[in-house]
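Residue-level listing of the chains:
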Amino acid sequence: MADLVSDIWNGLRVLKVQNEAAEALIALHGAHVLSYKPAGERELLWLSQESWHEAGKPIRGGIPICWPWFGPAQEPPHGVARLNEWTLRETASEPGKTVLGFEAFSFENRIAELTITVADTLSMELTTTNLGAEDFRLTEAFHSYFAISDIANIRITGLDKAEYLDTLTGLRHIQDEDIRFNAETDRIYDSSAAECLVDDPAYTRKIRIAKEGSLSTVVWNPWIAKSRRMPDFGDEEYHGMVCVETANAGNDFRILKQGEKHTLKVSIGLK
Ligand code: TA6
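Conventions and cut-offs
Residues numbered from 1 in each chain as written. Predicted model: local features only at pLDDT ≥ 70, side-chain atom pairs only at ≥ 80, totals over all residues. Heavy atoms only, no water. Helix = DSSP H or I, 4+ residues; strand = E, 2+ residues; numbered from the N terminus. Rg over C-alpha atoms; globule rule 2.2 N^0.38 Å. Contact = heavy atoms within 4.5 Å. Core = buried A, V, L, I, M, F, W, Y, C linked by side-chain atoms within 4.5 Å. Buried < 20%, exposed > 50% of the residue type's maximum accessible area, 1.4 Å probe, protein only. Near = heavy atom within 4 Å. Polar contact = N/O pair within 3.5 Å; in protein donor to acceptor, adjacent residues only side chain to side chain. Areas by Shrake-Rupley, 256 points an atom, 1.4 Å probe, with all protein chains shown as cover. Lys, Arg positive; Asp, Glu negative; His and termini not counted. Salt bridge = Lys/Arg side-chain N within 4 Å of Asp/Glu carboxyl O. Pairing = 2+ DSSP bridges. Axes fitted to C-alpha atoms, helices over the stretch in contact; angles between N-to-C directions. Disulfide = S-S within 2.5 Å. Phe/Tyr/Trp six-rings, centres within 6.5 Å; stacked < 30°, edge-to-face > 60°.

Enquirer: Sorry, what's going on with the overall build of the protein chain here?
Expert: Each helix and strand counted, the protein chain has 1 helix and 23 strands in total. Over its C-alpha trace the protein chain gives a radius of gyration of 18 Å, about what one expects of a compact globule, namely 18 Å for 271 residues. Considered along the principal axes of its C-alpha atoms, the protein chain spans approximately 50 × 45 × 35 Å. Considering only intrachain contacts with a sequence separation of at least 6, the fraction spanning at least 24 residues in the protein chain is 62%.

The structure is reproduced here in structure tokens:
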């Protein structure tokens, strides 16, 4: 059975992966994972009903690739990788595993090479190489949006006692216990290699987010006012999503000298 077919989704060229372990949908626009569903389980990722689906604009939801910078400090926010078309270079299949390798994406003197593995976990590896003569300060993230029963019902575990920057106030704090949500939350935990769980009792599941090459995790829910300010985000959609982003952000930036590489890896699955 062909485990990989091309299709069109909201006018975008997509790759549909279906194997014994899972199914996934990946747009070539931004090499953007839109959906990941382990066999017999409900969808793990969240997509906005108001998302844009066009060149030059980011898809709202799934796993945007923020590269070669993270955050709004530079234009466009979260870099250029998620705004451009990527090219599939090769695939490899075995029972319960489909591996997709993409052509290098280049921007100025840096390249990003991406591999996505769809199996009983979803893995993504992004390797940056600095081809320039100057040192390069890399920030990046897999900006993962997870589908949840309700933001009031869930908690994020794994970051207890971790230090974080509250980007809403600019103040730094130490996390006390699990992360729960009762307001806009936008935090960069930038000194932890820990794996996190999205613990969702109402969905009787725990989504596990493990990582390599990262000491930072970004946790975000826009809550009410910010949801209303975003044209590509429904006013009430904040109830059903949470971002747990696998990053090199905040104080966890990486300096790549000429010829140096850095790989950021995330593995997402059910505990
Ligand atoms: O997730 C962290 C964050 O930087 C938030 O501040 C918020 O802006 C979010 O990313 C979404 O950014 P975007 O550019 O995709 O609207």
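Enquirer: Sorry, what's going on with the nonpolar core here?
Expert: Note on soluble globular proteins: their nonpolar side chains tend to be buried together. Ranked by internal contacts, the top residues of the largest apolar core, which has 63 residues, are Phe102, Leu114, Ile116 and Val198. Apart from the residues within four sequence positions on either side, Phe102 is in contact with Leu15, Ile26, Leu28, Ala31, Trp86, Thr87, Leu88, Arg89, Leu114 and Ile116. In this structure, Cys66, Ala141, Ile188 and Ala249 belong to the second largest nonpolar core, which totals 7 residues.

Enquirer: Help me understand the site of the ligand in this model?
Expert: In the region of the ligand, the neighbouring residues are Arg60, His78, Arg82, His143, Asp186, Val218, Trp220, Lys226 and Glu245. A distance of 2.9 Å separates an oxygen atom of the ligand from a polar atom in the side chain of His78. Here the ligand, which alone exposes 390 Å², has 84% of that area covered by the protein.

Enquirer: What is the right way to look at the side chain of Ser144 in this model?
Expert: Among the structural elements, Ser144 can be located in the loop between strand E12 (140-142) and strand E13 (145-147). Excluding residues within four positions of it along the chain, Ser144 makes contact with Gly62, Ile63, Val242, Cys243, Val244, Glu245 and Ile268.

Enquirer: Which parts of the structure should I look at to understand unusual backbone geometry?
Expert: Note on backbone geometry: most residues besides glycine have negative phi, and most peptide bonds are trans. Here the amide bond leading from Trp67 into Pro68 is cis, since omega sits at 5 degrees, within 30 degrees of zero. Looking at the secondary structure, you find Pro68 in the loop between strand E5 (65-66) and strand E6 (88-94). With omega at -10 degrees, the peptide bond leading from Glu75 into Pro76 counts as cis. Tracing the sequence through the fold places Pro76 in the loop between E5 and E6. Here the phi dihedral of Glu108 falls at roughly 50 degrees; this positive angle occurs in a residue that is not glycine. Relative to the assigned elements, Glu108 resides in the loop between strand E8 (105-107) and strand E9 (110-118). Classification of Glu108 as exposed rests on a relative accessible area of 59%.

Enquirer: Would you explain the side chain of Arg187 in this entry?
Expert: Looking at where Arg187 falls in the secondary structure, it is placed in strand E17 (residues 185-189). Buried charged residue Arg187 carries no salt bridge. Nearest counter-charge: Asp166, at 5.2 Å. Here Arg187 is in contact with Tyr164, Leu165, Gln175, Ile179, Thr217, Val218 and Val219, once residues within four sequence places are set aside.

Enquirer: Before we go on, may I ask you to explain the sheet that holds strand E3 (residues 22-27) in this structure?
Expert: Hydrogen bonds along the backbone pair up the strands of a sheet, which may run parallel or antiparallel. With antiparallel pairing, the 4 strands of this open sheet are ordered in space as E1-E2-E3-E4. The open sheet terminates on both sides in strands that have one partner only, identified here as strand E1 (4-9) and strand E4 (32-38). Mean inter-strand twist for the sheet, computed between neighbouring axes without regard to direction, equals 20 degrees. One ladder, built from 5 bridges, connects strand E2 (residues 12-18) with E3; its direction is antiparallel. Directly across from Val17, in E3, lies its bridge partner Ala24.

Enquirer: I'm lost on the pattern of salt bridges in this one. Help?
Expert: Close approach of charged atoms lets side chains of opposite charge pair. Across all of its chains, the model carries 15 salt bridges by this definition. Of the charged contacts, one joins Arg254 and Asp252 as a salt bridge, the two residues approaching to 2.8 Å between their closest N and O atoms. The exposure class of Asp252 is buried, given its relative accessible area of 3%. It is possible to trace a salt-bridge network through shared partners that takes in Arg155, Asp178 and Asp199.

Enquirer: Got a minute to help me understand the state of the cysteines in this structure?
Expert: On inspection of all chains with the given rule, the structure shows 0 disulfides. Of all cysteine sulfurs in the structure, the one in Cys243 sits closest to Cys66, which takes part in no disulfide; the separation is 9.2 Å.

Enquirer: So what exactly am I meant to see when it comes to the packing of aromatic side chains here?
Expert: Each aromatic ring pair is summarised here by two numbers: the centre-to-centre distance and the angle between the ring planes. Counted under the stated rule, the structure contains 9 aromatic pairs. Aromatic side chains Tyr145 and Trp220 sit 6.1 Å apart centroid to centroid with 80 degrees between the ring planes, which places their arrangement in the edge-to-face category. Here Trp220 lies in strand E20 (residues 216-221) and Tyr145 lies in strand E13, a separation of 75 residues in the sequence. With respect to burial, Tyr145 and Trp220 carry one shared label: buried. Put simply, the rings of Trp46, Tyr145, Trp220 and Phe233 pair up and form one aromatic cluster.

Enquirer: I would appreciate a short explanation of the pairing of strand E23 (residues 261-270) in the present structure.
Expert: Within a regular strand, side chains alternate between the sheet's two faces. In this structure, strand E10 (residues 122-130) lies alongside E23, joined through 8 bridges in antiparallel fashion. Bridge pairing in E23 places Glu125 opposite Lys265. Examined bridge by bridge, strand E19 (residues 205-212) and E23 share 6 bridges and lie antiparallel to one another. The residue of E23 that forms the bridge with Ile209 is Ile268.

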